[in-house]
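As a plain string of letters, each chain reads:
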Amino acid sequence: MRVRGLDYFLAVVEHGSFSEAALALGVSQSAVSQAISALEAEFGSPLFKRTRTGARLTPAGHELVRPARDVVAELAATTGRVRAASENGRHLLRIACPAAVASDILAPALGTTRRAHPSLEVVISDPQTTAGEDPLAAGEVDVLLTFDSPARWPEHRSAPVGPVEFVAVLPPGSDLPPGPLPVTDLLDMDLVLGPPGDTFRIALQEVTDPLTVDRSVMVEIEHRETIMLLVAARAGATVMPERQARLGASKLGLEIRALTPRLRQQFHVVHGDVALQEPARTLIIALRHGRAWSGVLR
């Protein structure tokens, strides 16, 4: 089995069609079709059901997704370790990443990358602190993680990663019944959130009326690291990515609830078309084919 075939397979899974996968990979659609046909012949079962609107995974295809991701990510890490063994110099990798995805998506992928390239130096910044509208074109960063639509970055290549699952974080001693919390019930509470344009606030506004969210915000704060302390002090409730919530909630005695409808946000990894250094390639593969932190409440 060729790893390239697995890479093509995962691209079809991510993009939902052979044509979109070919466009993202920079190859012809026939090349993708041939690679998938070779995999199907090897496994003796169709992996996708072709439709007019794209391609859907068959039961056999679903079984292949996780092993394929593991193989591709491990190969990238192994390749990086082998090449690093012969490198004398040190590499610098500059990443722009919102805090909302730093722990859930970036952390596991960056761990894979650092293990593959032990001498790698990494600088992580918030996209809002970059000087230009396009930090990639300005040469300020090598890789950008963003929740913006890929249409905003027509000059660069992008791929979906995530999504990030948001949960409700409630003050200690909540008397609410167990189980997922309806968003409508959350909006009846006083909320502690960042100012308009904050990632957490945008995520909540995408599943309900933005004006209702604004009316529910009783404590507006720019210092995101203080939000959980305010919730612990019973200043209100909030929403945040699940991993971030779990990391702090146990120490502060906070309650975490899944939301209904589920509050999820899709992110994208964006990079330039120029030749990437190996550490950046390893990171992108880990982001695309690795798995975000998975502890979603049910």
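All figures in this text were calculated on a predicted structure; none of them were measured in a lab.

**What to know about the overall build of the protein chain**
For the protein chain, the count of helices and strands is eleven helices and 13 strands. Looking at the protein chain as a whole, 44% of its 298 residues qualify as buried. By sequence separation, contacts in the protein chain at least 24 residues apart represent 74% of the contacts at least 6 residues apart. About 14900 Å² of surface is accessible on the protein chain, with carbon and sulfur atoms providing 52% of the total.

**Quick look at the environment of leucine 276**
Structurally, leucine 276 can be placed in the loop between strand S13 (263-271) and helix H11 (278-289). Among all residues touching leucine 276, those that are not within four sequence positions of it are His271, Arg281 and Ile284.

**Thoughts on the packing of aromatic side chains**
The full count for this structure, using the stated rule, is four aromatic pairs. With centroids separated by 5.8 Å and ring planes inclined at 75 degrees, the aromatic side chains of phenylalanine 18 and phenylalanine 48 adopt a geometry described as edge-to-face. Of this pair, phenylalanine 18 sits in helix H2 (residues 18-25) while phenylalanine 48 sits in strand S1 (residues 48-51), and the two are 30 residues apart along the sequence. Across the pair, phenylalanine 48 and phenylalanine 18 agree in class, each one buried. Where phenylalanine 166 meets phenylalanine 200, the ring centres are 5.8 Å apart and the plane angle is 75 degrees; that geometry is what we call edge-to-face. Note that phenylalanine 166 is positioned in strand S6 (residues 157-170) and phenylalanine 200 in helix H7 (residues 199-205), a separation of 34 residues in sequence.

**As for the side chain of threonine 113**
Within the element layout of this structure, threonine 113 appears in helix H5 (residues 99-116). Looking at threonine 113, its side chain comes within polar contact range of the main-chain oxygen of alanine 109, at 2.9 Å. Setting aside residues up to four positions removed in sequence, threonine 113 forms contacts with Leu120, Pro279, Thr282 and Leu283.

**Concerning the confidence of the model for the protein chain**
Do not read the predicted coordinates in detail wherever pLDDT is low. On average, residues of the protein chain score 84 in pLDDT, and 88% of them reach the 70 mark or higher. The lowest-confidence element of the protein chain is helix H4 (residues 59-85), averaging 77 in pLDDT; the highest-confidence one is strand S8 (residues 191-193), averaging 96. Under a pLDDT of 50 for its full length, residues 292-298 has, in the predicted model, 18 contacts with residues more than four places off or in other chains.

**Quick look at the nonpolar core**
Ranked by size, the top nonpolar core spans 51 residues in total, and within it Leu186, Leu204 and Leu283 carry the most contacts. In terms of residues, this core owes the most to one element, S6, which gives eight residues. Beyond its immediate sequence surroundings of up to four residues, leucine 204 is in contact with Val183, Leu186, Leu187, Leu191, Leu193, Val213, Val239 and Leu263. Counting residues in hydrophobic clusters, the runner-up holds 21 residues, among them Phe9, Leu10, Phe18 and Leu64.

**Quick word on the pattern of salt bridges**
All chains considered together, the criterion is met by eleven salt bridges. One salt bridge in this structure joins arginine 288 and glutamate 14, with 3.3 Å as the shortest N-O distance. A residue pair is termed long-range when its members are at least 10 positions apart, and arginine 288 in helix H11 and glutamate 14 in helix H1 (residues 3-15) qualify at 274 residues. The burial state of arginine 288 is the same as that of glutamate 14; both residues are buried. The structure contains a network of salt bridges with shared partners spanning Glu165, Arg262 and Arg264.

Each value, and the rule that gives it
- Residues numbered from 1 in each chain as written.
- Predicted model: local features only at pLDDT ≥ 70, side-chain atom pairs only at ≥ 80, totals over all residues.
- Heavy atoms only, no water.
- Helix = DSSP H or I, 4+ residues; strand = E, 2+ residues; numbered from the N terminus.
- Buried < 20%, exposed > 50% of the residue type's maximum accessible area, 1.4 Å probe, protein only.
- Contact = heavy atoms within 4.5 Å.
- Areas by Shrake-Rupley, 256 points an atom, 1.4 Å probe, with all protein chains shown as cover.
- Phe/Tyr/Trp six-rings, centres within 6.5 Å; stacked < 30°, edge-to-face > 60°.
- Polar contact = N/O pair within 3.5 Å; in protein donor to acceptor, adjacent residues only side chain to side chain.
- pLDDT = per-residue confidence, 0-100.
- Core = buried A, V, L, I, M, F, W, Y, C linked by side-chain atoms within 4.5 Å.
- Salt bridge = Lys/Arg side-chain N within 4 Å of Asp/Glu carboxyl O.

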